[in-house]
Amino acid sequence: MISHPSKHCTVELQALPSRIRQVRRIVSAQLRYWHLDPLIDEAMLGVTELLTNVHRHAGPDKMCTVEIELLRDRLTVSVHDHDPHLPQLCDADPLSTCGRGLALVAAVSESWGARPQGEDGKVVWFTLPAPSAALPLPPIPEYRVADVFPELDSPADRRAARHAPARSAVVG
C-alpha cells in the first residue's frame, strides 16, 4: 500500500534558451496529462525563471535537472544545478532589465527556497497548491445534429446523417 501516492517527472538538460523553451513545453504537457491545467502558467513562469538563472549564473556546462512532483495537493517544481552559490532575492532597480526572477517566483508560488547539495551544487524549488481532485468536472455538453444543422431535422435526414459514410479531410 502506498500511503503518499505521487506523480513525478524529471528532465535533464543544458540550460540554453532553446532547451528552456523545450522544457516549458514538457512541463505544460505533463501538467495537462495530470489534469492540472490551472497550474500551467505559474509553473511555466517559475521554471523559466529558475532555468534562466542557471543559464546566467551556473558554470560553463549549464547542466541541470528539472523535477516536477505532484504529492497529494501540492506541486513542487525544482531545478538542480552544479553551481554551489545559493540565489539571493534582491530588490531590483525599477529601471533594471534583470534581477526580478526570484521575486516573480515568490509572487506566483505558495512557497520557494534553495538548499545546498554540498559539492554537487544546489536545488532551487517552488510549490503550487494543486486543485482538489474531489472537485467534480463540469458535465460534457451533448449536441444533436439538429442543434448544429437545423435543416436536417426530419427523421429521414437524421437517419441519413447517422449512416453517412466517413470522408477523409487529408489532401494529397
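Placed above this text is the structure.
Let us look at the structure shown here. (Residues numbered from 1 in each chain as written. Predicted model: local features only at pLDDT ≥ 70, side-chain atom pairs only at ≥ 80, totals over all residues. Heavy atoms only, no water.)

### Here we look at the packing of helix α2 (residues 40-57) against helix α3 (residues 101-108)
With their axes 9 Å apart at the nearest point, α2 and α3 run at an angle of 155 degrees to one another. With respect to their mutual orientation, α2 and α3 come out roughly antiparallel. Note that α2 runs across α3; the crossing there is left-handed. Two secondary-structure elements touch here, α2 through E42, L45, G46, E49, L50 and N53 and α3 through G101, L102, L104, V105 and V108. (Axes fitted to C-alpha atoms, helices over the stretch in contact; angles between N-to-C directions. Helix = DSSP H or I, 4+ residues; strand = E, 2+ residues; numbered from the N terminus. Parallel < 35°, antiparallel > 145°, perpendicular 65-115°, else oblique. Left-handed = near helix turned anticlockwise from the far one by under 90°. Contact = heavy atoms within 4.5 Å.)

### Focus on the packing of helix α1 (residues 17-33) against α2
Interaxial distance between α1 and α2 falls to 10 Å at its minimum, and their mutual angle equals 155 degrees. Judged by the angle between their axes, α1 and α2 are roughly antiparallel. Seen along the crossing, α1 lies across α2 with a hand that is right-handed. When α1 is examined against α2, the residues P17, I20, V23, R24, V27, S28, L31 and R32 are found in contact with a partner set consisting of I40, A43, M44, V47, T48, L51, T52 and H55. Partitioned by chemical class, the residues of the contact of α1 with α2 number ten nonpolar, four polar and two charged. (Nonpolar A, V, L, I, M, F, W, Y, C, P; charged D, E, K, R; others polar.)

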